[in-house]
Amino acid sequence: MSTPEQSPLGQATAYPEQYDAQLLFPLPRAPKRAEIGISAAPPFFGADLWTAYELSWLNPRGKPQVAIAQITVPCETPHIIESKSFKLYLGSFNNSRFASADEVRARIRADVSQALWQGSPATGSAGVRLILPEEFDQQPIHEQDGLLLDRLDLECSHYHPAPELLQADASQPPVSEVLVSHLLKSNCLVTGQPDWGSVQIAYSGAPIDQAGLLQYLVSFRNHNEFHEQCVERIFMDLWTRCQPIKLSVYARYTRRGGLDINPFRTSHPQQLPANTRTARQ
């Protein structure tokens, strides 16, 4: 089984000169899910929304082409793709010729899908959209909607995940709230580099203590875990400790190396949120 330590992360790397699908490095979701109490089918739906801002290739006449790629990775895939390997994979397109943007999109979709379902009897497809230069000016910037938790003036003293800070008042009538914070920070599981994000939490159920929730989100500050794993940990802590009727957690992380990863998890089937960048992205 592949591990993060075997991936290209934190290692000196030769940049490829030609397209190479073998650069993709899948990592199983199961070990980290087991740490948060998920041993079978997870109690959520959703996807990881990736945006790649540094995609380029050559047309048949050798002229460089550029695009922004949006990739949708369903959360039921048995693997994620380690992000540095994905950047190296995209970099391998730089000096390779393709007939059209459609060919590039199809190639990315096939390669990423194969890596995500590697070794699994089940198969599926990642979603891939290429945004071409004539569409660049149409791309919106919008902050996540919701009541800002960061308005609260409180003391923070926990900098590793502290789910005991979470509580809901079951004696009160159920509410439906959408809460947002820009104070989410964690660190890369392998390199320890900081990962900065904003997070939106929507729920229905007993009122969740907002001060404790903000302190809990801040408690990820020195925690080492990949984006997808942090969001699933937040979801499971809220799901088990606050027991909402419905819950969704959506984080948007700032980019590194031209790539941002934005996991979304929800307790009930619903349309995925728009992959719209925030100001910090």
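Residues numbered from 1 in each chain as written. Predicted model: local features only at pLDDT ≥ 70, side-chain atom pairs only at ≥ 80, totals over all residues. Heavy atoms only, no water.

A. Broad picture of the packing of helix H4 (residues 210–218) against helix H5 (residues 227–241). Running from amino to carboxyl end, H4 crosses H5 at an angle of 150 degrees, the nearest separation of the two axes being 12 Å. When the axes of H4 and H5 are compared, the pair comes out roughly antiparallel. Here H4 runs over H5; the crossing is right-handed. On the side of H4, the interface is formed by Leu-213, Tyr-216 and Leu-217, while H5 contributes Arg-233, Ile-234, Asp-237 and Leu-238. Per-class residue counts for the contact of H4 with H5 are 5 nonpolar, no polar and 2 charged. (Axes fitted to C-alpha atoms, helices over the stretch in contact; angles between N-to-C directions. Helix = DSSP H or I, 4+ residues; strand = E, 2+ residues; numbered from the N terminus. Parallel < 35°, antiparallel > 145°, perpendicular 65-115°, else oblique. Left-handed = near helix turned anticlockwise from the far one by under 90°. Contact = heavy atoms within 4.5 Å. Nonpolar A, V, L, I, M, F, W, Y, C, P; charged D, E, K, R; others polar.)

B. Structural view of the packing of helix H2 (residues 83–91) against helix H3 (residues 101–116). H3 packs onto H2 with a crossing angle of 150 degrees between their chain directions and a minimal axis gap of 12 Å. As far as their axial angle goes, H3 and H2 are roughly antiparallel. In this structure, H2 meets H3 at a crossing whose hand is right-handed. Every residue of H3 that contacts H2 at Phe-86, Tyr-89 and Leu-90 is listed here: Arg-107, Ile-108, Asp-111 and Val-112. Split by residue class, the contact of H2 with H3 holds 5 nonpolar, no polar and 2 charged.

C. Layout of H5. Between its first and last C-alpha, H5 extends 21 Å over 15 residues, near the 21 Å set by a 1.5 Å rise per residue. Among the 15 residues in H5, 12 count as buried, and that is most of the element. Along H5, the residues that are buried comprise His-227, Glu-228, Gln-229, Cys-230, Val-231, Glu-232, Arg-233, Ile-234, Phe-235, Met-236, Asp-237 and Leu-238. Two residues or fewer after H5 comes Gln-243, characterised by a positive phi angle close to 50 degrees. (Expected span 1.5 Å × (residues − 1). Buried < 20%, exposed > 50% of the residue type's maximum accessible area, 1.4 Å probe, protein only.)

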